[in-house]
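Architecture and fold: a report
Given next are the chains, with one letter for each unit.
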Amino acid sequence: MNTLTTEVLKDYAKITFNTGGKYNVVNKEFMYDVIDTLRKLDSDKDVRFIVLTGANKNFGAGADIKELKLANENREYATNFFSTMFEMYRTIINLNKPVISIVEGIAYGASMEILLVSDIVIASPYARFAAPGAKIGVFPPVLVTIGKDVIGINNVIRIALLGEELSAEEAKQIGLVHFVSDNLEGEIQKVMDKLRLMAPSSLMSMRRLIFKKYESELESAFKLLIDQVLTKDATNGILAFLTKTKAPWVLQ
């Protein structure tokens, strides 16, 4: 099953996440598809911008809990899973073309972190954002590294350490979202009209300067995450999520 669809429209490409079910999840197949598709589009001279969105009016629910369970049980699987996830984010930050993410519904965890490596984020007024990884014994690596610069340390603490969910307006206030609109298609066109005024080589150079410095710190965070997913806390947290019970560290 292909986990995404790609349309090339005029001078931009639209990628729609669709991993099946009500919510889109970040699993290995999805990550491979994203990496391959983005690399192909980056070499397409007719494509100037890349738009990311989710099917079923949901951007994404984050890492697939079933694959996190497999990662928790096997270091080799954990290494492969999170190395692939790092490569997905690394591919995005090294693109030569601006990335515009369009959020409807939820953007949680690893899905929300895609927004932190996007150039422009446009959200529906009904969108919701959260990074609840620590509740199951893992953590959001992009949020705690790149996020410190994008939305500030205090907001990283609110979202990552306190597990707070943000509305679209709150996300806009802290800089996670740039525009909130009922007319998402119209807002996309407004943004691209502004981008079209900029020289492609200038956009490429600015992207490199903005994102390149984060690569090594992000890689270190993912290496730590591999160790973290193998802890007893992750075992208990993932089990609690799957059984809809409380993790043992939660006071009864």
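Refer to the structure above for everything that follows.
Values in this document were obtained by computation on a predicted structure and should not be read as measured data. (Residues numbered from 1 in each chain as written. Predicted model: local features only at pLDDT ≥ 70, side-chain atom pairs only at ≥ 80, totals over all residues. Heavy atoms only, no water.)

**Comments concerning the sheet that holds strand β3 (residues 49–54)**
Backbone hydrogen bonds are what pair the strands of a sheet, in a parallel or an antiparallel way. Here we have 6 strands laid out as an open sheet, ordered β1-β2-β3-β4-β6-β9, and mixed in their pairing. Of all the strands in the sheet, the pair left with one neighbour each is β1 (4–9) and β9 (179–180). Those strands touched by helix α4 (residues 109–116) are β2 (12–17), β3, β4 (99–103) and β6 (120–123), and its axis lies near 140 degrees from that of β4. (Pairing = 2+ DSSP bridges. Helix = DSSP H or I, 4+ residues; strand = E, 2+ residues; numbered from the N terminus. Contact = heavy atoms within 4.5 Å. Axes fitted to C-alpha atoms, helices over the stretch in contact; angles between N-to-C directions.)

**Overview of the environment of Lys232**
As for its position among the elements, Lys232 is in helix α11 (residues 232–243). Note on Lys232: relative accessible area 59%, which makes it exposed. (Buried < 20%, exposed > 50% of the residue type's maximum accessible area, 1.4 Å probe, protein only.)

**Things to note about the environment of Val142**
Checked against the element boundaries, Val142 lands in the loop between β7 (128–130) and α5 (147–150). Sequence-distant contacts of Val142, defined by excluding residues within four places in its chain, comprise Tyr89, Glu113, Leu116, Val117, Gly147, Leu218 and Phe222.

**Examining the pairing of β3**
Burial analysis of β3 places 6 of its 6 residues in the buried class, the great majority of the element. As paired elements, β2 and β3 share 6 bridges and run parallel to each other. Directly across from Tyr12, in β3, lies its bridge partner Phe49. Crossover connection from β2 via helix α1 (residues 28–42) to parallel β3: handedness right-handed. (Right-handed = clockwise from strand over helix to strand, strands pointing away.)

**Overview of the packing of aromatic side chains**
Each pair of aromatic rings is reported with the distance of its centres and the angle of its planes. On inspection of all chains with the given rule, the structure shows 6 aromatic pairs. Where Phe81 meets Phe82, the ring centres are 5.0 Å apart and the plane angle is 80 degrees; that geometry is what we call edge-to-face. With a relative accessible area of 0%, Phe81 lands in the buried category. Given the relative accessible area of 2%, Phe82 is considered buried. (Phe/Tyr/Trp six-rings, centres within 6.5 Å; stacked < 30°, edge-to-face > 60°.)

**Quick notes on the side chain of Asn58**
In this fold, Asn58 is placed in the loop between β3 and α2 (65–73). What makes Asn58 buried here is its relative accessible area of 7%. Here Ile106 takes part through its backbone nitrogen, which lies 2.9 Å from a polar atom of the side chain of Asn58. Non-local contacts of Asn58, meaning those with residues more than four positions away in its chain, are made with Lys22, Tyr23, Asn24, Glu104, Gly105 and Ile106. (Polar contact = N/O pair within 3.5 Å; in protein donor to acceptor, adjacent residues only side chain to side chain.)

**Points about the pattern of salt bridges**
Scanning the entire structure with this criterion turns up 12 salt bridges. For Glu215, the salt bridge is made with Arg90, and the minimal N-O distance between the two is 3.4 Å. Remark: Arg90 occurs in helix α3 (residues 75–93) and Glu215 occurs in helix α10 (residues 215–229); sequence separation between them is 125 residues. The buried category is assigned to Glu215, whose relative accessible area is 16%. Between Asp149 and Lys213 there is a salt bridge; the shortest N-O distance is 3.2 Å. (Salt bridge = Lys/Arg side-chain N within 4 Å of Asp/Glu carboxyl O.)

**Let's talk about the nonpolar core**
Phe82, Tyr89 and Phe129 are the most contacted members of the largest nonpolar core, which has 67 residues in total. When residues in this core are grouped by element, the largest group, 10 residues, is from α3. Residues Tyr12, Phe49, Leu184 and Ile188 belong to the second largest nonpolar core, which totals 13 residues. (Core = buried A, V, L, I, M, F, W, Y, C linked by side-chain atoms within 4.5 Å.)

**Here we look at the packing of α2 against α11**
The axes of two packed helices give the description: the angle between them and the distance between them. Their axes nearest at 10 Å, the elements α2 and α11 cross at an angle of 150 degrees. Taken together, the axis directions place α2 and α11 in an arrangement best described as roughly antiparallel. You can see that α2 and α11 cross each other, and the crossing is left-handed. Judged by residue contacts, Ile65, Leu68, Lys69 and Asn72 of α2 engage Ala234, Thr235, Ile238, Phe241 and Leu242 from α11. Split into classes, the residues belonging to the contact of α2 with α11 amount to 6 nonpolar, 2 polar and 1 charged. (Parallel < 35°, antiparallel > 145°, perpendicular 65-115°, else oblique. Left-handed = near helix turned anticlockwise from the far one by under 90°. Nonpolar A, V, L, I, M, F, W, Y, C, P; charged D, E, K, R; others polar.)

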